[in-house]
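# Coordinates in review
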Amino acid sequence: MTRIADPAAFIAANTRLQPVPHAPEISLWLADEITPIWRLTEEELGELGLPPPFWAFAWAGGQGLARWLLDHPREVAGRRVLDFAAGSGLVGIAAMKAGAASALCADIDPFCGASVARNAVANGVVLDFTAADLLDAPPPEVDLICAGDVFYEQPMSGRVLDWLGAAADAGTRVLVGDPLRTYFPREGFDLLAEYAVPTTRELEDSAVKRTRVWSLSAAA
């Protein structure tokens, strides 16, 4: 991947601090429109055909997870949390605000480290970050893994599901936020909550996405 001269400066120049629609206790540095920042990201990296800059938007699944954690602090208080495919760090921030002992945000997008750091400061929390591809190793020893909006393409979805399943089988609680995207497996999950999450037609197929939060069951 091409080296980026200053990701923090890029984020500062192309986003603004704004409350998260479904979790207004949290504010993030977000883009107002997807197309301009997507093009700028491709120019900055010198590569066309990249996926959208997930770190620049509050996606429906992450918003649902954040809301659930904030509303159920007993589920996270004092625990070590992994925000997998963290993007902006929204879920990690929610976990820390709900009383988590620590939150590790993981994402391989080269902008995410700077995005997570900037958003952590904006919300007065401390987040750890790793750019390692965690799917290449066994799940880390944490108490809770949160994964929002990870079932949007194949074969990535299959790899993620196998990895999360291994974590659940090892005794780690796994929570998933998803608006029933195409590759969401629908089996092996227990429904915890359902929300009507405000989003934008630039990102989704409707202005409000019905989003669900699930726990992943360990194999029988």
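Okay, so let's go over this structure. Because the structure is predicted, anything quoted here is derived from the model rather than measured.

Attention now moves to the nonpolar core. I26, L69, V76, L127 and C146 are the most contacted members of the largest nonpolar core, which has 36 residues in total. For this core, the secondary-structure elements that each account for two or more residues are β2 (23-30), α3 (60-71), α4 (90-97), β4 (102-106), α5 (112-122), β6 (144-148) and β8 (189-198). Counting residues in hydrophobic clusters, the runner-up holds 21 residues, among them L82, L135, V142 and L216.

Next up on the list: the environment of A86. Turning to its location among the elements, A86 is positioned in the loop between β3 (80-84) and α4. Residue class for A86 comes out buried when judged on its relative accessible area of 9%. Considering only alpha carbons, one finds A86 and G64, 22 residues apart in sequence, at a separation of 14 Å. With residues near it in sequence (within four places) discarded, A86 still touches C105, A106 and D107.

Below, the discussion takes up helix α1 (residues 7-14). Because an α-helix packs 3.6 residues into every turn, residues spaced three or four apart end up facing the same way. Those residues of α1 that fall on the buried side of the exposure criterion are P7, F10 and I11. For α1, the angular spread of the buried residues around the axis is 95°, confining them to a single face. Buried positions along α1 lie against β2, α2 (34-45) and α5.

A word on the pattern of salt bridges. Going through the model one piece at a time under the given rule, you end up with 9 salt bridges. E25 is the partner of R67 in a salt bridge, and the nearest nitrogen-oxygen pair spans 2.7 Å. Pair noted here: R67 is in helix α3 and E25 is in strand β2, with a separation of 42 residues, a long-range link. With relative accessibility at 11%, the residue R67 sits in the buried group.

So, about the packing of aromatic side chains. How two aromatic rings sit relative to each other is set out by the distance from centre to centre and by the angle between their planes. Counting across every chain of the model gives 12 aromatic pairs. Taking 6.4 Å as the distance between ring centres and 70° as the angle between the ring planes, the aromatic pair formed by F189 and W214 counts as edge-to-face. Taken together, the residues span a long stretch of sequence, with F189 in strand β8 and W214 in strand β9 (residues 208-216) at a distance of 25 residues. As far as burial versus exposure is concerned, F189 and W214 are alike and both buried. Through a chain of ring-to-ring contacts, the aromatic side chains of F54, F57, W59 and Y152 assemble into a single cluster. It is R118 that lies over the ring of W29; its NZ or CZ is 4.0 Å from the centre.

What follows concerns the sheet that holds strand β5 (residues 128-130). Spatially, 7 strands are ordered β5-β4-β3-β6-β7-β9-β8 in an open sheet, and the strand pairing comes out mixed. Strands at the two margins of the open sheet, each flanked by one partner only, are β5 and β8. Going from strand to strand, the sheet's axes swing by 20° on average, the running direction of each strand aside. Where β4 lies against β5, 3 bridges are found, and the strand directions are parallel. In the strand pairing of β5, L104 is matched with D128.

What follows is about the pairing of β4. By the bridge criterion, 5 bridges tie β3 to β4 in an arrangement that is parallel. If you follow R80 over to β4, its bridge partner there is S102. Crossover handedness for the path β3 to α4 to β4: right-handed. Each parallel crossover has a hand, and the one from β4 via α5 to β5 is right-handed.

Criteria and thresholds
Residues numbered from 1 in each chain as written. Predicted model: local features only at pLDDT ≥ 70, side-chain atom pairs only at ≥ 80, totals over all residues. Heavy atoms only, no water. Core = buried A, V, L, I, M, F, W, Y, C linked by side-chain atoms within 4.5 Å. Buried < 20%, exposed > 50% of the residue type's maximum accessible area, 1.4 Å probe, protein only. Helix = DSSP H or I, 4+ residues; strand = E, 2+ residues; numbered from the N terminus. Contact = heavy atoms within 4.5 Å. Arc of directions from axis to C-beta. Salt bridge = Lys/Arg side-chain N within 4 Å of Asp/Glu carboxyl O. Phe/Tyr/Trp six-rings, centres within 6.5 Å; stacked < 30°, edge-to-face > 60°. Lys NZ or Arg CZ within 6 Å of the ring centre and 35° of its normal. Pairing = 2+ DSSP bridges. Axes fitted to C-alpha atoms, helices over the stretch in contact; angles between N-to-C directions. Right-handed = clockwise from strand over helix to strand, strands pointing away.

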